[in-house]
Amino acid sequence: MARSSSGSSEPTKPKVKKRRWYHQVWDVFQMTRKADPSVPWIMLGILVASAGVGFGVGALFNQGPYGLFLGIPLGILIATIFLSRRAERAAYSSLEGQPGAVSAALGTIRRGWNIEEQPVAVDARSQAMVFRAIGRPGVVFIADGGSRGVQQRLLEGERKRATRLVPDVPVHLIQTGREEGQVPLPKVAAAVRKQKGKLTPAEVAEITKRLKALGAARIPVPKGVDPTRMRPDRKGMRGR
């Protein structure tokens, strides 16, 4: 028990060690390397090639060493960008096929959208789910899991429920999967963002408020699936 200068005794709070950005990069590298063992060799190849190009360009002007010093940082930058892309691909590969994976994909959308983390509709037998995103383009329902027929049935049901409350608002339906006409999980966020915006921020807020009255599905995301932890971590690749 530590005493303050006033004589009162207060418990000392343990200091939490803050993780540096390079620790996060290392964690991302380790995760990606396990998913794709070729990543370290490709990154090494990028670094060597960039250093070689830098040295060669510098040699043309009799400044080989200076070109090398410029080529190495450039190689590190390119290798880091490559690692970021491969890490995102590995993260989506590990999520694809899991119930609730769409929630993780939608979690990468940062601004301009109100997204429900819990599904608004669930088919208990096939574990197909529908998630809702509301933005300037209107209301977007995204179905995940189950067959195409089950996804379509759930989506049409949510469209009817939404149009009863907000009849003049555009409603978009997206099926996820690898079949024809479906959107693969890694492209879900892009498919939502590419919809053209027509509503004002005030209208988006009002529509969100109205649709909240519909509530979420009674059946939650299955145990063991935490959408907030499933989202690919991009912060570690940005640094500070």
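All of these numbers come straight from a predicted model, not from anything done at the bench. (Residues numbered from 1 in each chain as written. Predicted model: local features only at pLDDT ≥ 70, side-chain atom pairs only at ≥ 80, totals over all residues. Heavy atoms only, no water.)

**Concerning the overall build of the protein**
Helix and strand content of the protein: nine helices and seven strands. Long-range pairs, those at least 24 residues apart, make up 64% of the contacts in the protein between residues at least 6 apart in sequence. Surface summary for the protein: the accessible area is close to 15300 Å², and the carbon and sulfur share equals 56%. (Helix = DSSP H or I, 4+ residues; strand = E, 2+ residues; numbered from the N terminus. Contact = heavy atoms within 4.5 Å. Areas by Shrake-Rupley, 256 points an atom, 1.4 Å probe, with all protein chains shown as cover.)

**Regarding helix α7 (residues 201-212)**
In a regular helix each residue adds 1.5 Å, so 12 residues correspond to 16 Å; α7 covers 17 Å between its end C-alpha atoms and thus fits that length. Where α7 is concerned, the buried positions are Val204, Ile207, Thr208 and Leu211. On an axial view of α7, the arc spanned by its buried residues comes to 105 degrees, and they lie on one face. Across from the buried face of α7, at angles greater than 90 degrees, the exposed residues are Ala202 and Lys209. Summarising the contacts, the buried residues of α7 are in contact with β3 (113-115), β5 (128-135), β6 (138-144) and α5 (148-165). (Expected span 1.5 Å × (residues − 1). Buried < 20%, exposed > 50% of the residue type's maximum accessible area, 1.4 Å probe, protein only. Arc of directions from axis to C-beta.)

**As for unusual backbone geometry**
In this structure, Gln127 is a non-glycine residue whose phi angle is positive, near 65 degrees. In this structure, Gln127 sits in the loop between β4 (121-123) and β5. Residue classification places Gln127 among the partly exposed residues on the basis of a relative accessible area of 38%.

**A word on the side chain of Arg86**
Mapped onto the fold, Arg86 is located in helix α3 (residues 64-95). The exposure class assigned to Arg86 is buried, which follows from its relative accessible area of 18%. If near-sequence neighbours (up to four positions away) are discounted, Arg86 is found in contact with Thr32, Asp36, Ser38, Val39 and Ile42.

**Quick notes on the pattern of salt bridges**
A complete count under the given rule lists six salt bridges for this structure. Linking Glu116 and Arg132 is a salt bridge whose minimum nitrogen-to-oxygen distance equals 3.3 Å. Taken together, the residues Glu116 in the loop between β3 and β4 and Arg132 in strand β5 connect sequence positions 16 residues apart. Judged by relative accessible area, which is 18%, Glu116 ranks as buried. The closest approach of N and O atoms between Arg153 and Asp123, which form a salt bridge, is 2.9 Å. Taken together, the residues Arg153 in helix α5 and Asp123 in strand β4 connect sequence positions 30 residues apart. Among the charged side chains, a network of salt bridges with common partners joins Glu116, Arg132 and Lys212. (Salt bridge = Lys/Arg side-chain N within 4 Å of Asp/Glu carboxyl O.)

**Let's talk about the environment of Ile81**
Along the chain, the position of Ile81 falls in helix α3. The sequence separation of Ile81 and Met43 amounts to 38 residues, and the corresponding C-alpha distance is 9.9 Å.

**Things to note about the environment of Arg153**
By relative accessible area, which is 47% here, Arg153 ends up partly exposed. Once the C-alpha coordinates of Arg153 and Ala143 are considered, the two residues, 10 residues apart in sequence, prove to be 9.8 Å apart.

**A short note on the UniProt feature "transmembrane region" (unreviewed entry) in the protein**
In the numbering used here, UniProt assigns the "transmembrane region" (unreviewed entry) feature to residues 39-60 and 66-84. Structurally, residues 39-60 is divided into 100% helix and 0% strand, and its ends, taken at the C-alpha atoms, are 32 Å apart. For residues 66-84, the end-to-end C-alpha separation is 28 Å, with 100% helix and 0% strand making up the annotated structure. (UniProt positions renumbered as here; feature names shortened; annotations may be inferred.)

**Considering the environment of Val48**
Within the secondary structure, Val48 is located in helix α2 (residues 39-60). Taking C-alpha positions, Val48 is 8.9 Å from Gly71, a pair spaced 23 residues apart along the chain.

**Topic: the side chain of Gln182**
When you line up the elements, Gln182 lands in the loop between β7 (171-175) and α6 (188-193). In terms of polar contacts, Gln182 uses its side chain to reach the side chain of Gln175, at 3.2 Å. (Polar contact = N/O pair within 3.5 Å; in protein donor to acceptor, adjacent residues only side chain to side chain.)

**A word on a nonpolar patch on the surface**
Among the surface-exposed residues, Val53, Val57, Leu60 and Phe61 lie close enough to one another that they form a single nonpolar patch of about 460 Å² accessible area. The topology assignment puts Leu60 in helix α2. (Patch = residues over 30% accessible without salt bridge, like charges linked within 9 Å, V, L, I, M, F, W, Y side chains within 5 Å.)

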